[in-house]
Amino acid sequence: MPEQAPSSGGGWGGFGKQLDASLGPPQESSPTKLWGLALFLLTAGLLSLLHQDHQCLPSRRVSLCVTHSRRRRDSPQMQETEVTVPKMSLWSIVSHMPPEEFSGLFTEFPRSLRCLLGDWLESQPWEFINGSDAFCTSVAGGMLSAMLEKLRSAAGSNGQQCQILQQISGIENAYRRDPLRLVAVLKAILEGEKAAVLKRDHHLPLSFHRRQEELKFGLGLQRLQHRICEIQALRDGSAGSLQLNVRDPQLKSEAKPPESELPTLILEAVKELELAKQQVLKRIQIWKRQQQLAGNGALFEENLAPLQKRCESLVEVYFQLHQQVMAASAELGPELLPRLLERFNEVLSSLVKSSFLVEKQPPQVLKTQTKFQASIRFLLGPQLLKASAKPYMVRADMVTEKQARELALSAYSNTLSESTGEIMHNVVALETNPTNGTCCANFKNVLLKKIKRCERKGSESVTEEKCAVLFSTTVALTPSNLSVHLQVLSLPIVVIVHGNQDNNAKATVLWDNAFSEIDRVPFVVAERVPWEKMCDTLNLKFKAEVQTTKGLLKEHYFFLAQKIFNDHSASLEDFQSRSVSWAQFNKEILPGRGFTFWQWFDGVLDLTKRCLKSYWSDRLIIGFISKQYVCKLLSTEPDGTFLLRFSDSEIGGVTIAHVIRGKDGSSQVENIQPFSAKDLSIRSLGDRIRDLGQLRNLYPNIPKDQAFGSHYNKEQTGKDGRGYVSTAIKMTVESERDQQPQSTTGAPPEGPQAQMFSLPMLQPELHPESLQSVLSPICPPAPFCPQPVPTGYPTGESSIDVMVSNNLGSSFPSTSPMLSPSLVMDHALPHCQDLAFRNPLPFMPSQYVAGEASQLLSGGPSPEPRDEEMAELAPFTPMVEPRLQSSPRWMPSSLDLPPSSNFDHLLQEMSMEATALCPPFTPPLQHSGYPSPNASGWGAGESRWDDSVRPGHA
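Quick notes on the rules
Within every chain, residues take consecutive numbers counted from 1 along the sequence as written. The predicted nature of this model means local features are confined to residues of pLDDT at least 70 and side-chain atom pairs, given and counted, to a pLDDT of 80 or more, with totals for whole chains, interfaces and linings taken over all residues. The side-chain numbers reported here are obtained from all heavy atoms of the structure, hydrogens and water having been left aside. Residues form patches when they are more than 30% accessible in relative terms and have no salt bridge. Like charges link within 9 Å. Nonpolar side chains (Val, Leu, Ile, Met, Phe, Trp, Tyr) link within 5 Å. With residues, only the protein chains shown are counted as cover, and all accessible areas are computed by Shrake-Rupley using a 1.4 Å probe. Put simply, a salt bridge is a Lys or Arg side-chain nitrogen that is within 4 Å of an Asp or Glu carboxyl oxygen. Only runs of H or I of at least four residues qualify as helices and only runs of E of at least two qualify as strands under DSSP, and these elements are numbered from the N terminus. Relative accessibility under 20% of the residue-type maximum defines a buried residue, over 50% an exposed one, and the middle range a partly exposed one, all with a 1.4 Å probe and only protein chains included. Working rule for contacts: check all heavy atoms of both residues, and any pair within 4.5 Å makes them a contact. What pLDDT expresses is the predictor's confidence in each residue, scored from 0 to 100. Each pair of strands is called paired provided DSSP finds at least two bridges between the two strands. Angular values range over 0 to 180 degrees, each being the angle between N-to-C directions of two axes fitted as lines to C-alpha atoms, with helices fitted over their stretch in contact. Any angle from 65 to 115 degrees is called roughly perpendicular, while one under 35 is roughly parallel, one over 145 is roughly antiparallel, and all others are oblique. Each crossing is labelled by how the near helix is turned from the far one, with a counterclockwise turn of less than a right angle marking it left-handed and a clockwise turn marking it right-handed. Amino acids outside the nonpolar list (Ala, Val, Leu, Ile, Met, Phe, Trp, Tyr, Cys, Pro) and the charged list (Asp, Glu, Lys, Arg) are all regarded as polar, and Gly is one of them. Any N or O atom pair separated by 3.5 Å or less is treated as a polar contact, with the protein-specific requirement of one donor-capable and one acceptor-capable atom, and with residues adjacent in sequence counted only for side-chain atom pairs. Any helix carries an expected span of 1.5 Å times its number of residues minus one. Relevant arc is that of directions from the helix axis to the C-beta atoms, nothing else. Only buried Ala, Val, Leu, Ile, Met, Phe, Trp, Tyr and Cys residues count toward a nonpolar core, and they belong to the same one when joined by side-chain atoms within 4.5 Å. Between rings of Phe, Tyr and Trp, where Trp is taken as its six-membered ring, a pair exists when centres lie within 6.5 Å; planes separated by under 30 degrees are stacked, by over 60 edge-to-face, and by other angles tilted. By definition here, charges over rings are those cases where NZ of Lys or CZ of Arg is within 6 Å of the ring centre and within 35 degrees of the ring normal.

(A) Representation of a nonpolar patch on the surface within the structure. Taken together, the side chains of Leu409, Val521 and Val524 make up a nonpolar region of the molecular surface, amounting to roughly 270 Å² of accessible area. Structurally, Leu409 is set in helix α14 (residues 401-409). Classification of Leu409 by relative accessible area gives exposed; the value is 66%.

What follows is the structure, encoded as structure tokens:
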């Protein structure tokens, strides 16, 4: 069902209403719809009955009435990862629909009895009984008896018992002599109910498709057993052996067919055996496809017990039929028998090879010198493996895409000539566990030591090169002692040697998992896919990574389409008809940026997963919206209205856009410099919003305390248990500090403090060009000097003050530890006459406050992010420098700055004396014009470590 926008506590509000009318109301893509889309993709080319579902419904026994039991797990480890997905039957939907929609269906069968049967009716194979032969008649008679028993048991708890018993008696009298007529009536009822649900919802429950497929396979297995009984009876020459096991003794067996029809009967049985085999193989392929989709976050029923039971049941029937054929070899003749035996061998060989599966896949992004695990499952192992003195060994080898393609084209009959990588601990025993009936090989400490790269195509990068792990073994099967070579490939793997390749490798895996086809040539995948399918993939990945039930909305898709297509003029409907290429996804750099679409989206995923999960789940973050549209939304809102969006220009950043009033009364929208995950680990988003008094209402009109109150952290006051006075970090935006002085917050006035020489605290009338002589004795070489801030964004400074609380609850700002004592203007220092001062001390991070974090490092600014993992940096430690033997002449005799009226004269005098002390003042270029909320208490002033530029995101 579409999600309704929260009326309180959420930040979506009227956003969807103010969008273009073509967008429609905000609706979240329901999991059912997404799974339905994925279902039709992965079942392309298969029968319509083979549909995806979250839950396997195994056919536990072969009988006239196919029953289903609850699924079980094979081991405690599997129980830990079990995903519980509720079943949904067709009746659970039909029972809530108006009865008048089905009035024409119940002319020959009372609706009251239909209601009593409930979902039991759809758990029987009515739709697959086609024909009027003895087998269909016997099955129909058995189902009639089972239905009458079900109705009588349900009537005992009904208030209208007498009336219902009369109806049951009428049904029995009407259909006992012709049970196939009852099958036709109930089949028409089920078809009418399906048509009504399809008309309303455009799809049927996925579990209904799975149940129908199980019923079809179970009925086919019954027919095979019936054929075997017919062949046995024909060989024995006894017509009475054709008597069917039905409850009604009135049904007579068919007359004995002529002996000349024995080859025809055997050929029909072998054909039905091959059809059943195809059904099993298709079901295994769908399980593999579901496993691959689970790599992108799709729900996956990984229990292989139902598939193993199906394989074992078919192999059991196979041996029974094979025995009958060998016994009738004389009647079959020397020409037909070899052809039949060849078909039998092909059936068994394909079943055995297909039942050798990778139950637990190795990581699809695999780093060399890193241990990993994998698990192999042989479904027919407990039934067919011949006892051996030595255990069968399974070997793991790395293969390239070319080698994988060659193996697939040879139907995995060829053996691997050379491994493309060196794998340690790559041989494990294939063990059978009689307790749970499984046959597995568990690789626990496998390590890829090194990889040998192959030649890449065109502009293909290392992170686009796909390979796989080939698991192989040779086993002997009972009872024929047949030797079979088993091989299976893992899902595609991208091997990396460094962490900075992880992001692009994940993009390759995501694309391959989402858009590959069943039974493809390894590892071919489309280069261009419909945008609508890409939206489903991004939504699935987002919900899985963030671990939330709140997915992306239509408005989010619209913004993402504008970003990836670089088109701001198209409508949502226009984008739905477009297709997106792999190059647009993760090869082409976004216009005006230094990263690809996927690198930006993955940064949002990482940030939301680490710091914003609860905010997103409460719909407090609009997130995917452009800065231009934010200005349009907020331009008519009152002062203090704000919203949260993901940074469009930085990887992994969230920013606050809010409305302020200028001095002339005009409305202005400001965007605070984005917060990275590192910033939010210092102080949470909720606490930052609480700190900013200028933020009042979350868009459209929700008081911020009502929206974010549950996300505030409790502030500690007074002393802790050890007697220390507690401290707290508070965020302020310095562009607003002049409008909201400290005294207005209720804190007592500050006491006299030593004036620090800090650039952001200078008076507004001071200009950088007039400070050249002042800064020149302490100014570092040009690469470390601040540059002008580009226009277009608010240029206000900001900081986070460390507040120290006393027992009375009052707070005072503490002195920033980043400021070196050598920068304090000490009037006791004499004027400096020493020319040696022209060679200043080596520049340290603690000597300069303003600027980017890269400019604070002792090694100077790095031109671009290094291709390696970033280590966490400890807080800067202020360096205490030795006091100068003689003080520069320009230092004042008082700790206070001179009055502004005398300051120009002082600067002019100092500039004459200090012109030659250092190069002219050249401020470094800032990367953005956001107001910068960062922690001076952490030694950064307005600067910050740019955690958003992560490895691989250069």
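Alright, that's what it looks like, and here's the rest.
(B) Up close: the environment of Cys467. If you trace the backbone, Cys467 turns up in strand β8 (residues 467-477). Relative accessible area serves as the criterion here: at 6%, Cys467 is assigned to the buried category. For the pair Cys467 and Glu401, spaced 66 residues apart in sequence, the C-alpha separation works out to 5.1 Å. Residues contacting Cys467, with those up to four places away along its chain left out, are Met398, Val399, Thr400, Glu401, Leu491, Pro492, Ile493, Val495 and Phe523.

(C) Representation of the confidence of the model for the protein chain in the model. In this model, the protein chain carries an average pLDDT of 74, and 65% of its residues clear a pLDDT of 70 or more. Counted against residues more than four places away or in other chains, residues 804-901, with its pLDDT under 50, gives 177 contacts. Scored below 50 in pLDDT, residues 913-929 makes 44 contacts in the model with residues more than four places away or belonging to other chains.

(D) Fine view of the pairing of strand β13 (residues 641-646). Most of β13 is tucked away, with six of its six residues classed as buried. Alternating residues of β13 divide into Thr641, Leu643 and Arg645 and Phe642, Leu644 and Phe646, and every residue in both groups is buried. As judged from the two bridges shared by β13 and strand β16 (residues 697-698), these two strands associate in the parallel manner. Following the sheet pairing, Phe642 is matched in β16 by Leu698. In terms of strand pairing, β13 meets strand β14 (residues 654-661) through five bridges, oriented antiparallel.

(E) Representation of the packing of helix α15 (residues 502-515) against helix α16 (residues 531-546) within the structure. α16 packs onto α15 with a crossing angle of 120° between their chain directions and a minimal axis gap of 11 Å. Taken together, α15 and α16 sit at an angle that is classed as oblique. Every pair of crossing elements has a handedness; the one defined by α15 and α16 is right-handed. Mapping the contact onto sequence places Leu510, Trp511, Ala514 and Phe515 in α15 and Lys533, Met534, Thr537 and Lys541 in α16. For the contact of α15 with α16, the residue count by class is five nonpolar, one polar and two charged.

(F) Geometry of the environment of Gln501. Of note, Gln501 is situated in the loop between β10 (494-496) and α15. On the basis of relative accessible area, Gln501 is assigned to the buried category, the value being 17%. The spacing of Gln501 and Thr463 is 38 residues in sequence and 6.7 Å in space, taken between C-alpha atoms. Those residues in contact with Gln501 that lie beyond four places of it in its chain are Val462, Thr463 and Ile496. A polar contact of 2.9 Å, which involves the side chain of Gln501, links it to the backbone nitrogen of Val497.

(G) How the structure looks around helix α7 (residues 161-175). The end-to-end C-alpha separation of α7 is 21 Å, in line with the 21 Å expected for 15 residues at 1.5 Å each. What α7 keeps buried is the set Ile164, Ile168, Ile171 and Tyr175. Seen from one end, α7 has its buried residues packed into an arc of 60°, which puts them on one side. Across from the buried face of α7, at angles greater than 90 degrees, the exposed residues are Cys162, Gln166 and Asn173. For α7, the elements touching its buried residues are α5 (111-117), α6 (134-155) and α8 (179-201).

(H) Representation of the environment of Phe558 in the model. The topology assignment puts Phe558 in helix α17 (residues 554-565). When its relative accessible area of 16% is taken as the criterion, Phe558 is described as buried. Taking the C-alpha atoms as reference points, Phe558 and Phe575, 17 residues apart in sequence, are found 7.8 Å from one another.

(I) Summary view of the side chain of Asn296. Mapping Asn296 onto the fold places it in the loop between α10 (262-294) and α11 (305-327). Asn296 sits in the buried class, given a relative accessible area of 3%. A distance of 3.2 Å separates a polar atom in the side chain of Asn296 from the backbone oxygen of Leu510. Every residue in contact with Asn296, bar those within four places of it in the chain, is listed here: Val509, Leu510, Asn513, Ala514, Thr537, Leu540, Lys541 and Ala544.

(J) Local environment of the nonpolar core. In terms of nonpolar packing, the biggest core is built from 73 residues, with Phe443 and Phe471 touching the most fellow members. The leading source of residues in this core is α10, at 11 residues. With near-sequence residues (within four places) excluded, Phe443 lies in contact with Phe372, Gln373, Ala374, Ile376, Val394, Ala396, His425, Asn426, Val427, Val428 and Phe471.

(K) Structural view of the pattern of salt bridges. With the rule as written, the count across this model stands at 38 salt bridges. The salt bridge involving Glu172 is made with Arg152; its shortest N-O contact spans 2.8 Å. Placement of the pair is Glu172 in helix α7 and Arg152 in helix α6, with a sequence separation of 20 residues. Using a relative accessible area of 24% as the deciding quantity, one classes Glu172 as partly exposed.

(L) The sheet that holds strand β17 (residues 702-703), seen in detail. The sheet built from five strands is open, its strands ordered β15-β14-β13-β16-β17 with mixed pairing. Two strands close off the open sheet at either side, each with one partner strand: β15 (667-671) and β17. Sitting on the sheet, helix α20 (residues 597-617) touches β13 and β14, and the angle it makes with β13 is about 145°. Across the face of the sheet, helix α21 (residues 627-634) comes into contact with β13, β14 and β15 while running at roughly 165° to β13.

(M) The packing of aromatic side chains, seen in detail. For the structure on display, the rule yields 28 aromatic pairs. Both rings, one in Phe542 and one in Phe601, keep their centres 6.4 Å apart while their planes meet at 55°; by these two values the pair is tilted. With Phe542 in helix α16 and Phe601 in helix α20, this pair connects stretches of sequence that are 59 residues apart. With respect to class, Phe542 is no different from Phe601; both count as buried. The ring of Phe565 carries the charged tip of Arg578 above its face, separated from the ring centre by 5.4 Å.

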